[in-house]
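# Examining the three-dimensional arrangement
As a plain string of letters, each chain reads:
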Amino acid sequence: EKGGYDYFMLKEIAEQPKAVADTLLGRIDGSGSLTLDEVRIPPGVLREIDKVVIVACGTAFHAGMIAKYAIEHWTRLPCEVELASEFRYRDPILDAQTLVIAISQSGETMDTLMALRHAREQGSKVLAICNTNGSTIPRESDAVLYTHAGPEVAVASTKAFLTQLVACYLVALYLGQVRGTKWGDEIRAVIRDLSSIAGAVERVLGTMEPVRELARTLASKKTVLFLGRHVGYPVALEGALKLKELAYMHAEGFAAGELKHGPIALIEEDLPVVVVVPSPRGRSVLHDKIVSNIQEIRARGARTIVIAEEGDEAVVPYADHLVRIPATPTLLQPLVATVPLQVFACELATARGNEVDQPRNLAKSVTVE
Ligand code: M6R
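Predicted model only: the values in this text are computed from it and were never measured.

## Considerations on the layout of surface pockets
In this model, the largest pocket occupies a volume close to 500 Å³. If you go around the largest pocket, you meet 22 residues; those closest to its centre are Cys57, Gly58, Thr59, Lys364 and Val366. When residues of the lining of the largest pocket are traced back to their parent elements, those giving at least two are helix H4 (58-75), strand S3 (98-104), helix H6 (110-121) and helix H12 (232-247). The element contributing the most residues to the lining of the largest pocket is H4, with three residues. When the residues that make up the lining of the largest pocket are grouped by side-chain class, the tally is eight nonpolar, ten polar and four charged.

See the structure below:
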């Protein structure tokens, strides 16, 4: 049932192009508009929303962090993302004009369930983004957008994450479409790009052998740091989480702009630092800033592992290891940038002799608070 793969995780990483395509299936019509029939919150209600709050845990929380960039950009609605386990304990400000989005692969995560119950008690509408048909979270929500990743068996979430991203983009674009925004042309262009993104994920998967080789050489390291900016920041956090849970290594993700506010003190000779580089097109200021960050850490001895778009030549002189990803619109980059980090963590775990599908101390769904 592992389909010839040694681990479910490897199988699920390989299934990502299909999972992404399946999650888009039937949701974009011939004219390039979104038809999210499942979202049974009437357009009239969605037009009255004045704030979006996302609640989730772990990897799903990272998808939520990325969704915030997309929702705020395309809809101009303020969006907060909160760890579900913290949410209700701080007496959050919620009302009928708040749209709460609960993201969960299993649909059974107790922290997320308690957060959405709290939101509904305050009169907010709750939209679930979920991978498991008929599970508790969608049953208790006002509406649900299912991710079509298929069953995810490995404890470390991979294909569920990519499909959560797709679902989040769809919701962001749909809110933009329903509410009308000045980004109409951009939205149409992004919908087009989304339709072909599964192919880009497939291409990344075809180039992972050097990442595996690199991971094997790092098996005896104690620490790996991850840096990113903008949507690359949650990707860095996700890369670090994967490495912690699978390789049992100390791994931390930082927003690259924070380096000089503390983390740069951690940089020492031969410390592996993975850097997710934003596109040089689009928000090019961020690109240039992160290139100087790479220079700074390399000058202090770090071993730089750079994930950068094809054609981005500016990073070449400072990359000890360069991982190429296809060019995508800025906001969609996490769909391709996360894949090498999943492969990296899986291979490191294997090299360290760890149980990939069932990491120690972890359960696939966390049904206690
Ligand atoms: O089922 P959920 O998406 O609600 O699960 C949330 C987290 O427990 C989950 O993403 C966890 O962080 C994964 N093991 C990460 O790989």
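## Notes on the packing of aromatic side chains
For the structure shown, the criterion picks out zero aromatic pairs. Lying over the aromatic face of tyrosine 248, arginine 360 brings its terminal NZ or CZ to 3.9 Å of the ring centre.

## Remarks on the site of the ligand
The environment of the ligand is formed by 13 residues, the closest being Ser104, Gln105, Ser106, Thr109 and Glu245. One nitrogen or oxygen atom from the side chain of serine 106 is found 2.7 Å from an oxygen atom belonging to the ligand. One of the backbone nitrogen or oxygen atoms of valine 155 is found 3.1 Å away from a nitrogen atom of the ligand. According to the grid-proximity analysis, the pocket containing the ligand is the largest pocket. Of all the elements in the fold, those that place two or more residues in the shell around the ligand are H4 and H12. No other element matches H4, which puts three residues into the shell around the ligand. Of the residues that constitute the shell around the ligand, the class distribution is four nonpolar, seven polar and two charged.

## Focus: the sheet that holds strand S5 (residues 143-146)
The strand order across the open sheet built from five strands is S2-S1-S3-S4-S5, with neighbouring strands paired in parallel fashion. The open sheet has two edge strands, strand S2 (79-83) and S5, and neither has a second partner. The mean angle between the axes of side-by-side strands here comes to 20°, regardless of whether they run parallel or antiparallel. Both strand S4 (residues 125-130) and S5 contribute to a ladder of four bridges, which runs parallel. Bridging from a neighbouring strand, isoleucine 129 pairs with leucine 145 of S5. Strand contacts of H4: strand S1 (51-56), S2 and S3, with the helix running at about 175° to S2, the strand carrying the most contacts.

## Remarks on the environment of leucine 271
Examined against the element boundaries, leucine 271 turns out to sit in the loop between strand S7 (250-255) and strand S8 (272-276). Its relative accessible area of 8% is what places leucine 271 among the buried residues. Note: C-alpha distance between leucine 271 and arginine 303 (32 residues apart in sequence) is 5.6 Å. Other than its neighbours up to four places away in sequence, leucine 271 contacts Thr223, Leu225, Leu266, Gly301, Ala302 and Arg303.

## Things to note about the sheet that holds strand S6 (residues 223-228)
Neighbouring strands of a sheet are bound in pairs by backbone hydrogen bonds; such pairs are parallel or else antiparallel. With respect to topology, five strands assemble into an open sheet ordered S7-S6-S8-S9-S10, the strand pairing being parallel. The sheet terminates laterally at S7 and strand S10 (321-325), the two strands that pair on one side only. Looking at each pair of strands side by side, their axes are set apart by 20° on average, direction ignored.

## Side note on the environment of leucine 237
Within the fold, leucine 237 resides in helix H12. Along the chain, leucine 237 and leucine 173 lie 64 residues apart, while their C-alpha atoms are 24 Å from each other. Setting aside residues no more than four positions away along its own chain, leucine 237 makes contact with His62, Met65 and Gly253.

## With respect to unusual backbone geometry
Non-glycine residue histidine 230 carries a positive phi angle of around 55°. Following the sequence through the fold, histidine 230 ends up in the loop between S6 and H12. Look at histidine 230 and you get buried, because its relative accessible area is 15%. In this structure, aspartate 270 takes a positive phi of about 70° despite not being glycine. One can find aspartate 270 in the loop between S7 and S8.

Rules behind the numbers
Residues numbered from 1 in each chain as written. Predicted model: local features only at pLDDT ≥ 70, side-chain atom pairs only at ≥ 80, totals over all residues. Heavy atoms only, no water. 1 Å grid on protein atoms, 1.4 Å probe; cavity = no way out; pocket = protein on both sides within 12 Å on 5 of 7 lines; lining within 4 Å. Points joined across faces, edges and corners; volume = space filled by probe spheres on them. Helix = DSSP H or I, 4+ residues; strand = E, 2+ residues; numbered from the N terminus. Nonpolar A, V, L, I, M, F, W, Y, C, P; charged D, E, K, R; others polar. Phe/Tyr/Trp six-rings, centres within 6.5 Å; stacked < 30°, edge-to-face > 60°. Lys NZ or Arg CZ within 6 Å of the ring centre and 35° of its normal. Near = heavy atom within 4 Å. Polar contact = N/O pair within 3.5 Å; in protein donor to acceptor, adjacent residues only side chain to side chain. Sits in = over half its atoms within 2 Å of the grid points. Pairing = 2+ DSSP bridges. Axes fitted to C-alpha atoms, helices over the stretch in contact; angles between N-to-C directions. Contact = heavy atoms within 4.5 Å. Buried < 20%, exposed > 50% of the residue type's maximum accessible area, 1.4 Å probe, protein only.

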